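# Survey of secondary and tertiary structure
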Amino acid sequence: MAPQRRGAPKAPEGSGAAERRRPNSMKNVRAPRETQRKWLRAAALGACAALTALLLWGSLGGDDGVTEVLAHRSEVLLGRFIEVPCSEDYDSHRRFEGCSPRKCGRGVTDAVITRDEARRIRSIAEKGLSLGGSDGGASILDLHSGALSVGRHFVNLYRYFGDKVQNIFSEEDFQLYRDVRQKVQLAIAQAFGISASSLYLTKPTFFSRINSTEARTAHDEYWHAHVDKVTYGSFDYTSLLYLSDYLDDFGGGRFMFMEEGANKTVEPRAGRVSFFTSGSENLHRVEKVLWGTRYAVTIAFTCNPDHGIADPVLT
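Residues numbered from 1 in each chain as written. Predicted model: local features only at pLDDT ≥ 70, side-chain atom pairs only at ≥ 80, totals over all residues. Heavy atoms only, no water.

### Examining helix α2 (residues 115-129)
Between its first and last C-alpha atoms α2 spans 21 Å; for 15 residues at 1.5 Å apiece the expected length is 21 Å, and the two agree. Every buried residue belonging to α2 is among E117, A118, I121, R122, I124, A125, G128 and L129, and all of these are buried. Along the long axis of α2, the arc covered by the buried residues comes to 150°, so they all point the same way. (Helix = DSSP H or I, 4+ residues; strand = E, 2+ residues; numbered from the N terminus. Expected span 1.5 Å × (residues − 1). Buried < 20%, exposed > 50% of the residue type's maximum accessible area, 1.4 Å probe, protein only. Arc of directions from axis to C-beta.)

Written out as structure tokens, the structure is:
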């Protein structure tokens, strides 16, 4: 057996030996306290660092959770397509065989519209919006219906300005608009394996100009998540043609497909076309624009000829 250790002999009370042992005993008491204080300091610093990181994350848009970039601004994409399961939104609407979505998904391409075409299309938007503009951050120009944001309301461009419209736009402008629409329509048809002739342009199809001005009306609150098929029952396929560059012309303003786990983000680039089926499988939103001006045109298509609209004509 191992020898047992005996305790030190007890010193008589008041003896010098006991007095000599007291300093060591005090050190033993202070040591845990010092350790505790160090631990508390480290915990406090860690909490501050965590809070700082949380605030920074929130300021960068942490409310949207984790995001994955589907298309970077610096990329030039011949085509990128992601298939997703179709929602049931289409079941409550009349179906058109060979057109109504059976294959659902989202795509991005930089190979349909050139940057020069995007620049020229943007000039149409700039000319039209120079006649009005919203008091809030989002302005709309619809060449089909004539709707134009003016202050906190909309006016009919063609009625309000009359013959002046022909001094603003040219027939070449409207022809370019029609050509671009046809190219986007063909790209959507090819991506989803349907005939381009089965698609019909539908309303609303419009230009948008967004900046960081505070919203004045509900029409200015463009950043809310929504489903196009729910908002506009006629929509079957939605597309956006971007007319300005993320981080060069504006900050914020990215397009987001909302998904559990990780949102999919498209960074706008002039000439880039983003397109998708319009149901709940593609819930989406636009980030708030933080600075600069973001231009785009939304071009929507339906399979129902009763909901189709004609191309705009300069009269």
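This is not the end of the story, as more comes after the structure.
### Let's talk about the pairing of strand β12 (residues 263-266)
Burial along β12 is two-sided: N263 and T265 and K264 and V266, pointing in opposite directions, are all buried. Where strand β1 (residues 67-71) and β12 come together, four bridges link them in parallel fashion. Following the sheet pairing, A71 is matched in β12 by V266. With three bridges joining them, strand β11 (residues 255-257) and β12 adopt antiparallel strand pairing. When the sheet's bridge partners are listed, M256 is paired in β12 with T265. As consecutive antiparallel partners, β11 and β12 are separated by five residues, and within that stretch G261 has a phi angle of approximately 100°, a positive value. (Pairing = 2+ DSSP bridges.)

### Concerning the pairing of strand β8 (residues 200-210)
Remark: a regular strand shows side chains that alternate across the two faces of the sheet. Most of β8 is tucked away, with nine of its 11 residues classed as buried. When strand β5 (residues 138-141) meets β8, the two strands line up antiparallel, connected through four bridges. Bridge pairing in β8 places A138 opposite I210.

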